[in-house]
Each structure stands twice: as structure tokens, then as C-alpha cells.
Number of protein chains: 2
Amino acid sequence: MDFTLTVLGTASAKPTAARYQSAQVLTVHGRSFLIDCGEGVQTRLQTSRISLMKIESVFISHIHGDHVFGIFGLLSTMGMLSRTQPLNIYAPVSFGPILRFFMSYYGDGIAFDVIHNPLNMKEPTEIYSTKSLSVSAFPLNHKIEAFGFLFREKEPQFNVKKWKIDEYSLTLTEIGTVKRGEDVRRVLPDGTEQVIPVSELGYKPFNPRSYAYCSDTAPFPEEASWVHGVDILYHEATYLSSLEDQAKARFHSTTLQAAACARQAEVGKLVIGHYSSRNKDPKQYEAECRSIFSESYAADDGDVFDVPLVKLD
Amino acid sequence: MDFTLTVLGTASAKPTAARYQSAQVLTVHGRSFLIDCGEGVQTRLQTSRISLMKIESVFISHIHGDHVFGIFGLLSTMGMLSRTQPLNIYAPVSFGPILRFFMSYYGDGIAFDVIHNPLNMKEPTEIYSTKSLSVSAFPLNHKIEAFGFLFREKEPQFNVKKWKIDEYSLTLTEIGTVKRGEDVRRVLPDGTEQVIPVSELGYKPFNPRSYAYCSDTAPFPEEASWVHGVDILYHEATYLSSLEDQAKARFHSTTLQAAACARQAEVGKLVIGHYSSRNKDPKQYEAECRSIFSESYAADDGDVFDVPLVKLD
């Protein structure tokens, strides 16, 4: 029941010898989701020992080249490795022509469906849902249309306290009710209703874990509320705090702005990246964030952040 | 007066954690020429400490993704670094739509002219010429239109043997004649012609150096004659000799085929690359080539091959 973030690239627009452009993989219950697709992502996947064939879906925040130029090589290699499983790409509307270009010139080797799910919401909206995971997207504040993503485990089924089954003579139907996290209601012989609280009969095995990705973006009012309470928030921190004017002009964030969002959103941990190539030392970035929000981490390429399952029994 | 090859990527279609896709820089007299443009090339340029702003022209053999997907990030970064010098791209006709796609979606940040010089020749044809360097292109034998390149220093000016100036009372015009490598001709008072051989009056300071790039290609009859006598021949050797059938089906070459070409062409040195991702050990490739042509070298990413200037004085 893993919930693990692997940061593949932490450079901003210009890659360096040590940092690739933005890309990450979030693995949830064995399923891998690629978030952004900077140039060289397939090499980084290899270095991090993540099979690109295991990538179920791709989430692209915006079509600036440093977030998207790796998609061509990625799709080509998936084709060469004879992928058959469809690939869903959740990306802004503006990604459509880019995908069409690729498919028209390089699509011959692509035997699997590549499905573009266009993003154009004005507020948080669910875009992906399975039994165990929900992903929603929300608009960011960048120079071109851009979207953040929030990955959240679904509420787990309740576990039934086994000794209560006999104690209350629970029927199969009532066991199902408890698993759904609902109170059990019975009509007694006298016609009155008996309510047995679910907390008496069962317990949530763990709290759902969550991860939010906010890049690229300048600060905006709703941001903290839209990512409230996530276990890990990844937020771009392109600039040190002394370059706030430059951040504003380019619709980016500074360290302190990323940290302020994390604090206001009461997240578990802040992970930052997308460093300007001018600054070679992410520790400076980290220190500035920690002056506001102590659980701040400046990622390097290849870093892994795990959100362990905390059992509640 | 350098003439230096830096091999940036030696993978074939699928990059590995250790090898990027095809790209090389040839530096001639301080000018840098990029040959092919696999994904991640700009990162490799940084690792090899070659400024991408110094790249004068780009030569693209064919538009398979592993030779071209790095062009988008490269042009974007050149734009971000405010390049003003025009960039010539010598590439097949089929590259045109790829460049047009890029310029229409990402061209806003590109303030310099990007000039596509389409290749469509049926035999070796000069495509670039300056005072000191000539580049010609010639068709290869690949699945789609593809071209090889031959870079050759122009014949240098002759050096005048200074002591001959007085000995023969050479005029300025005659000095110019010697520098052009021509015999000096005089009309004597009796009307006869005196011819003073240029070898008496001057000498070629060095033999022009040359480099040929052949990738991707299956063997073809004219190949060796078209690259005859080059100091370094780079030839793809995607497959070991046991996989000749596969090489033929995919319009690639084996080690022995690359080496046979080098031997027949009497080149100075053979450098091979574009290894299939199945084989992790280029030494095996090298050994097979050396069984036919001893001066064979299996390149790794980052390898540098210099052709020193050999003075003839």
C-alpha cells in the first residue's frame, strides 16, 4: 500500500549537468503516475529504476517546454517496447496540438491508445477516480494555462471489530454497512429505531494519504485552501526571496511564498524544486523555506519521499 | 587550429541510464558544429563543458526521434540565453514540418533566425563552405531519408619559404601565387616562359583534416568511396555481427560492416556508437571491429577524439 513520490527533475527552464527538468513519479498502491515530463525523463526513470512501461497515466501541468519536451521520447520508447495498455494524458487543452503533431509524425510505432484528457477547469475538479485513488486538478497562476494536481487515497473501507459480530449478532448486510463507515440502524420489535454507531462496531484502518503538485505558479488566494492538509505539498520555488520582483514578473514563486502556502495549508511536508539555474545551492532555498515552515525539503533529482501508511487499529 | 570530435551520445533508439541518444560536436578552428540532436543533448553539452551558445550550425542526419528530439529544448534554451546569431540547421526535407511545429508553439522566445537548409541530394554535395572548412552531405541507406556528413578543412594557404623571396626576387603578386599553391610563371626578356614550381618556393603547412559521420545506415556500395581517406569515420554499429539479419531488416549496420567500410575507405580511425540497448558492453563491439580494422574505437558518452595538426615544414 505504497504512497511514494520520486522526484526525477528539479531544474527550472534551463537544465544543468546535475538537474533535469520537471518530472516526478507518484506511486500509489503499486500504480505509477508521471507528473510533468521534462526533457530526458526516460533517462531519469531508468536511473531511478522505475519502468516506464508501468506508468499508467501522465499528468502535465502546462506546455512550457521544460515540462513537456520529454513526452516525445517517452511515447516513442513505450511504442518500441510494444506497450499495449492505453496511456491517459491529463493535460491542458493547449497540449492537444502538441500530441497531434507527435502522433502524425511519430505515431507509426505507437500501437497503444494515447488519450488526451483536456484540462480547463476554473476550480478543483476530479479528473481521475478508481476504487482507491482520486485525482483532481485545479488552475494555477502562471503565464499560460497551467494546472496543479491533488492525489488523494479514497477513504478506506472500515474494518469490522470481529468480536462485535457475535456480540451484536451482525447480519451480512449490517457488516457491509459497517464497512461503508455507516451506523447500523435496526427497527426494534416495538417499532423504535436502534442506532449502533459505526465507531462501536468498526474502525477506519488508516487515514487517506494525499499529495499535491503546484508548479509552475505564482501565489494566488485559493491555493492554500485547495491543497489543505495534504501529507506532501510539492511547490515550485524558482527564486530565492530576494528575487520576489522577478518571480512576480514571471508568474513564479519564491521560497517564502511556497513556505507560506505550506504553512497556511497545514500540510505535512513541503518539497520544493524548479530552481533557477543561477543558484547552485538548494540548501539556501531550503533554509529560507524552513524559516517559515520547518518541514521543508529542497529536493534533488532522484530524491524519494514516502508517506507511510499509519494504521489506526 | 583544433579539429576535435566530442561524442555526446552513443545510445541507439532507446537511451539508457549511461548513454544518451545520438549527438556529437565537431569543433574546427574554434567553431562548434552539432551533429544530430538526441534528447537531452543540452545536458550532455553542459557535462562536456561545451557552450550551446557557441554552436554555429546543426547537422541532422534524419528525423527519427532519437536523432532529433533534443532540438526543441536546445532551441528554447538558446532563446532563453538571448542568442542573436542565426542558427543554420542542415536537415532532410522531412525536418521542415518539425521545425515549423516548434516555431509555431514555442517560437515566441526565439529572437534569432533559425534557418532550415533542406537536404535532398542523391550524391555528395557541398552544403556549407567557409574560408577554412567545407561540409558536404550524402545520402545514406536507412529506413527513411537520411544523410551522412563529411567535414573537411580547406586546403591551407601555402607558406612561402622566406629565403626564396630574395633568392628569386619574388614580387608581391608572385608571393600571392605561391600562397595559392600555384607555380610562378614569368615571361623572360627573350619571350620564353619560366616556370618556378611552387614546391621550390613554398610548402603546404599541413594536410587538411577530415571527419565523416555515417548514422543511421545499412551498408551501401558507394559508402566507402564517399568517405575515403578521412581522418576519423564515425559509423553506427547498432548490432554485433551475430545480428546481421536484424541489422538488414532495420537498415542498420553491424560492427563488421562498419569496420569493413573503414578499411575499404582507408580511414585513419573508426569510431563507432549507436549501440543497441540490449548490449551493455561496447568492448565486445570494439573487439569485433578490431578483428577487421585495428584502429577501431567504441565510443562512450563524453569521449573526445582529437585530430592533431601535423605540420609539414
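Residues numbered from 1 in each chain as written. Chains lettered and ligands numbered in written order. Predicted model: local features only at pLDDT ≥ 70, side-chain atom pairs only at ≥ 80, totals over all residues. Heavy atoms only, no water.

**Student:** Provide a residue-level description of the relation of the copies chain A and chain B, including the pertinent values.
**Tutor:** Mapping chain A onto chain B calls for a screw motion: a turn of 180 degrees about the axis and a shift of 0.0 Å along it, with 0.1 Å RMSD after fitting. The superposition operator between the copies reduces to a two-fold rotation axis. Taking C-alpha positions as the reference, the residue of chain A nearest the rotation axis is Gly40(A), at 2.5 Å. Most of the interface of chain A is mirrored in chain B: 100% of its interface residues are interface residues there too. (Least-squares fit on C-alpha atoms with pLDDT ≥ 70 in both. Contact = heavy atoms within 4.5 Å.)

**Student:** With reference to specific residues and values, describe the pairing of strand S6 (residues 114–119) of chain A.
**Tutor:** Residue and element names in this part refer to chain A. Taken together, the 6 bridges between strand S5 (residues 87–92) and S6 define a ladder with parallel strand orientation. Bridge pairing in S6 links Pro92 to Leu119. In this fold, S5 hands off to helix H4 (residues 96–106), which returns the chain to S6; that crossover is right-handed. (Pairing = 2+ DSSP bridges. Helix = DSSP H or I, 4+ residues; strand = E, 2+ residues; numbered from the N terminus. Right-handed = clockwise from strand over helix to strand, strands pointing away.)

**Student:** Tell me what's going on with the packing of aromatic side chains, and back it up with residues and numbers.
**Tutor:** The tally for this structure, following the rule as stated, stands at 46 aromatic pairs over all chains. Centroid distance Phe33(B) to Phe151(B): 6.2 Å. Interplanar angle 45 degrees. Geometry classified as tilted. Of the two residues, Phe33(B) sits in strand S3 (residues 31–37) while Phe151(B) sits in strand S9 (residues 147–153), which places them 118 residues apart along the sequence. As far as burial versus exposure is concerned, Phe33(B) and Phe151(B) are alike and both buried. What links up through ring pairs into an aromatic cluster is the set Phe69(A), Phe72(A), Phe101(A), Phe102(A), Tyr105(A), Tyr106(A), Phe69(B), Phe72(B), Phe101(B), Phe102(B), Tyr105(B) and Tyr106(B). Positioned above the aromatic ring of Phe112(A) is the side chain of Arg83(A), whose terminal nitrogen or guanidinium carbon lies 5.5 Å from the ring centre. (Phe/Tyr/Trp six-rings, centres within 6.5 Å; stacked < 30°, edge-to-face > 60°. Buried < 20%, exposed > 50% of the residue type's maximum accessible area, 1.4 Å probe, protein only. Lys NZ or Arg CZ within 6 Å of the ring centre and 35° of its normal.)

**Student:** Break down the environment of His67(B) for me, citing the residues and quoting the values.
**Tutor:** Residues and elements named next belong to chain B. Assignment of secondary structure puts His67 in helix H2 (residues 65–68). The exposure class of His67 is buried, given its relative accessible area of 0%. C-alpha separation for the pair His67 and Tyr105, spaced 38 residues apart in sequence, amounts to 21 Å. If we skip the residues at most four places from it in the chain, His67 touches Ser22, Asp36, Cys37, Gly38, Ile60, Ser61, His62, Tyr213, Ser215, Asp216 and His274.

**Student:** Can you lay out the sheet that holds strand S1 (residues 3–9) of chain B for me, pointing to particular residues and giving the numbers?
**Tutor:** All names here are of chain B. In spatial order, the strands read S6-S5-S4-S3-S2-S1-S18; together these 7 strands make up an open sheet with mixed pairing. A single partner strand is all that each edge strand has here, and the edge strands are strand S6 (114–119) and strand S18 (304–306). If you compare each strand with its neighbour and ignore which way they point, the axes differ by 20 degrees on average. (Axes fitted to C-alpha atoms, helices over the stretch in contact; angles between N-to-C directions.)

**Student:** Hey, could you go over the environment of Pro118(B) for me, with residue numbers and the actual values?
**Tutor:** Residues and elements named next belong to chain B. Secondary-structure assignment places Pro118 in strand S6. The class for Pro118 is partly exposed, based on a relative accessible area of 48%. The spacing of Pro118 and Arg83 is 35 residues in sequence and 23 Å in space, taken between C-alpha atoms. Apart from residues lying up to four places away in sequence, Pro118 is in contact with Ala91 and Val93.

**Student:** Go over the state of the cysteines, please, and point to the residues and values.
**Tutor:** Going through the model one piece at a time under the given rule, you end up with 0 disulfides over all chains. As a non-bridged cysteine, Cys261(A) has Cys214(A) as the owner of its nearest cysteine sulfur, 6.0 Å distant. (Disulfide = S-S within 2.5 Å.)

**Student:** Could you give me a rundown of the side chain of Arg19(B), with the residues and numbers involved?
**Tutor:** Residues and elements named next belong to chain B. Among the secondary structure elements, Arg19 is positioned in the loop between S1 and strand S2 (23–28). Residue classification places Arg19 among the buried positions, given a relative accessible area of 12%. Only 3.0 Å separates the side chain of Arg19 from the side chain of Asp300, close enough to count as a polar contact. Those residues in contact with Arg19, other than ones at most four positions away along the chain, are Thr10, Ala11, Tyr275, Pro282, Ala299, Asp300 and Asp301. (Polar contact = N/O pair within 3.5 Å; in protein donor to acceptor, adjacent residues only side chain to side chain.)

**Student:** Please provide a residue-by-residue account of the side chain of Glu223(B), values included.
**Tutor:** All names here are of chain B. Position of Glu223 among the secondary structure elements: in helix H8 (residues 223–226). Although Glu223 is buried, it forms no salt bridge, and the closest oppositely charged side chain is Arg263 at an N-O distance of 13 Å. When near neighbours in sequence (up to four residues on either side) are disregarded, Glu223 contacts Cys214, Thr217, Ala218, His235 and Cys261. (Lys, Arg positive; Asp, Glu negative; His and termini not counted. Salt bridge = Lys/Arg side-chain N within 4 Å of Asp/Glu carboxyl O.)

**Student:** Outline the sheet that holds S5(A), listing residues and values.
**Tutor:** Pairing between sheet strands relies on hydrogen bonds along the backbone, with the strands arranged either parallel or antiparallel. Residues and elements named next belong to chain A. Sheet architecture is open: 7 strands sit in the order S6-S5-S4-S3-S2-S1-S18, paired in mixed fashion. Each edge of the open sheet is held by one strand with a lone partner, namely S6 and strand S18 (304–306). Between one strand axis and the next, the sheet turns by 20 degrees as a mean value, whatever way the strands run. Pairing of strand S1 (residues 3–9) with strand S2 (residues 23–28) involves 6 bridges; the strand directions are antiparallel. Each bridged residue has a counterpart across the sheet, and for Leu5 the counterpart in S2 is Leu26.

Coordinates in, geometry out; function isn't part of it.
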